[in-house]
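Reading the structure
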Amino acid sequence: MNESDAMPSAQDIADYRENGYYVSKKILSDDLIADAIEGSERLYRGEYDERFPWSDNPDVDRSFGVPFTDRTRSRAEGYASFHSFGLRALARQPIISAIAAALTGATEIRYWKDQLIYKAPAASPAEREGVTGFHQDKRYWPTCRSDRMITAWIPLHDCSTRNGCLVVIKGSHRWRNNHALVTFDETNQDYIKSKLINSEGEDLVEVPLQLRRGQVSFHDCYTIHGSYPNVSDAPRRALSVHLQDGENRYRDLNFLSKAKPVYKHSHDLICRKADNGFPDYSDPEIFPTLYRAGDALA
Ligand SMILES: O=C(O)CCC(=O)C(=O)O
Ligand SMILES: [Fe+2]
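What you are looking at is a predicted structure, and each value in this text was computed from that prediction instead of being measured.

Let us look at the coordination of the iron ion (ligand 2). Those protein atoms acting as donors to the iron ion (ligand 2) are H135 (NE2), D137 (OD) and H225 (NE2), and they sit at 2.1 Å. If you list the donors of the iron ion (ligand 2) from N- to C-terminus, the spacing comes out as H-x1-D-x87-H. Here H135, found in strand β4 (residues 132-135), pairs with H225, found in strand β9 (residues 225-227); they are 90 residues apart in sequence, far enough to count as distant.

Structurally, E129 is set in the loop between β3 (108-119) and β4. For the buried E129, no salt bridge exists, and the shortest N-O distance to an oppositely charged side chain is 4.1 Å, to R73. Among residues more than four places away in sequence, those in contact with E129 are T72, R73, S74, A120, P121, A122 and P229.

Around ligand 1 sit 14 residues in total, of which T132, W153, S227, R236 and S240 are the nearest. Between ligand 1 and H135 there is a distance of 3.0 Å, counted from an oxygen atom to a side-chain nitrogen or oxygen. Within the side chain of S240, a nitrogen or oxygen atom sits 2.4 Å from an oxygen atom of ligand 1. When ligand 1 sits alone it has 300 Å² of accessible area, and the protein chains cover 100% of it. More than half of the atoms belonging to ligand 1 lie within 2 Å of the grid points that define the largest pocket. Among the secondary structure elements, those contributing two or more residues to the shell around ligand 1 are β4, β5 (150-155), β9 and β10 (236-245). Top contributing element to the shell around ligand 1 by residue count: β10, with three residues. Counted by class, the shell around ligand 1 contains four nonpolar, eight polar and two charged residues.

Moving on: the sheet that holds strand β7 (residues 206-208). Taken in spatial order, the four strands make up an open sheet running β4-β9-β6-β7, and their pairing is antiparallel. Pairing within the sheet leaves two strands with one partner each, and these edge strands are β4 and β7. The sheet shows a mean angle of 25° between the axes of neighbouring strands, taken without regard to direction. Across three bridges, the pairing between strand β6 (residues 166-169) and β7 is antiparallel. Bridge pairing in β7 places I169 opposite E206.

What counts, and where the lines are drawn
- Residues numbered from 1 in each chain as written.
- Chains lettered and ligands numbered in written order.
- Predicted model: local features only at pLDDT ≥ 70, side-chain atom pairs only at ≥ 80, totals over all residues.
- Heavy atoms only, no water.
- Donors = N, O, S within 2.8 Å, 3.2 Å for Na, K, Ca; no water.
- Helix = DSSP H or I, 4+ residues; strand = E, 2+ residues; numbered from the N terminus.
- Buried < 20%, exposed > 50% of the residue type's maximum accessible area, 1.4 Å probe, protein only.
- Lys, Arg positive; Asp, Glu negative; His and termini not counted.
- Salt bridge = Lys/Arg side-chain N within 4 Å of Asp/Glu carboxyl O.
- Contact = heavy atoms within 4.5 Å.
- Near = heavy atom within 4 Å.
- Polar contact = N/O pair within 3.5 Å; in protein donor to acceptor, adjacent residues only side chain to side chain.
- Areas by Shrake-Rupley, 256 points an atom, 1.4 Å probe, with all protein chains shown as cover.
- 1 Å grid on protein atoms, 1.4 Å probe; cavity = no way out; pocket = protein on both sides within 12 Å on 5 of 7 lines; lining within 4 Å.
- Sits in = over half its atoms within 2 Å of the grid points.
- Nonpolar A, V, L, I, M, F, W, Y, C, P; charged D, E, K, R; others polar.
- Pairing = 2+ DSSP bridges.
- Axes fitted to C-alpha atoms, helices over the stretch in contact; angles between N-to-C directions.

The following block contains the structure:
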């Protein structure tokens, strides 16, 4: 497939802005995904392809260096693309950031963060093992000034409702009053839905994003999304790649609280500081630029 065939059409972009999500064509090769799966298995064995001074810092995201022996439990690994070359190649695919730029209208796309998600098989939907509670990604990043961030969700095999594919709530990127939606770890979806503030008065329409391997879905940083249990007999694996537009900057919210510092992302511990002493969200080591308008795709 050539580059322009892989890009969203003008109608796709309009739909993304209306609905808050987009599903790509098959844009990733089987080899790339096979390398990512192998990379994730290496990570789960504690074999890192590259280490950083912060790699073993327990304050830097979670699940670090924990031997991955219990395959009945779900988990999410932060910074997986830093520690695995196979996952890095997947996360930094030029076509993914080019699509992110087209959807958001940004002229520059930088890396923000990633999460490697392993959803273990659950015996039944009632079990709720591995459920990702409905949430808005942006609520986890209050120190980001930008409202134009976007997530690329990359399944490492076919995903359907049976193995707990990603589910988005259509149009919910406009529901901006849900400040408490830091509910990734809440497994009771009905409880979350009962608390949602639907500021636009729209119907709550859940859209399961059923993808074939090689497709990628994209959601706006305010789109409410989550996933249900995996009732297949194999794990559901995906890499979430969260991206920032070039205009994103750090914002200090700690004046809101006397108990400083409340608003801190683990990135703030590891990225370089700007001249004003605040975290620099354009540090090329942590937030490489993946797309600039006018660049040809590699
Ligand atoms: O894979 C999942 O269940 C959740 C992924 C997610 O929250 C995201 O990609 O932002
Ligand atoms: Fe998310």
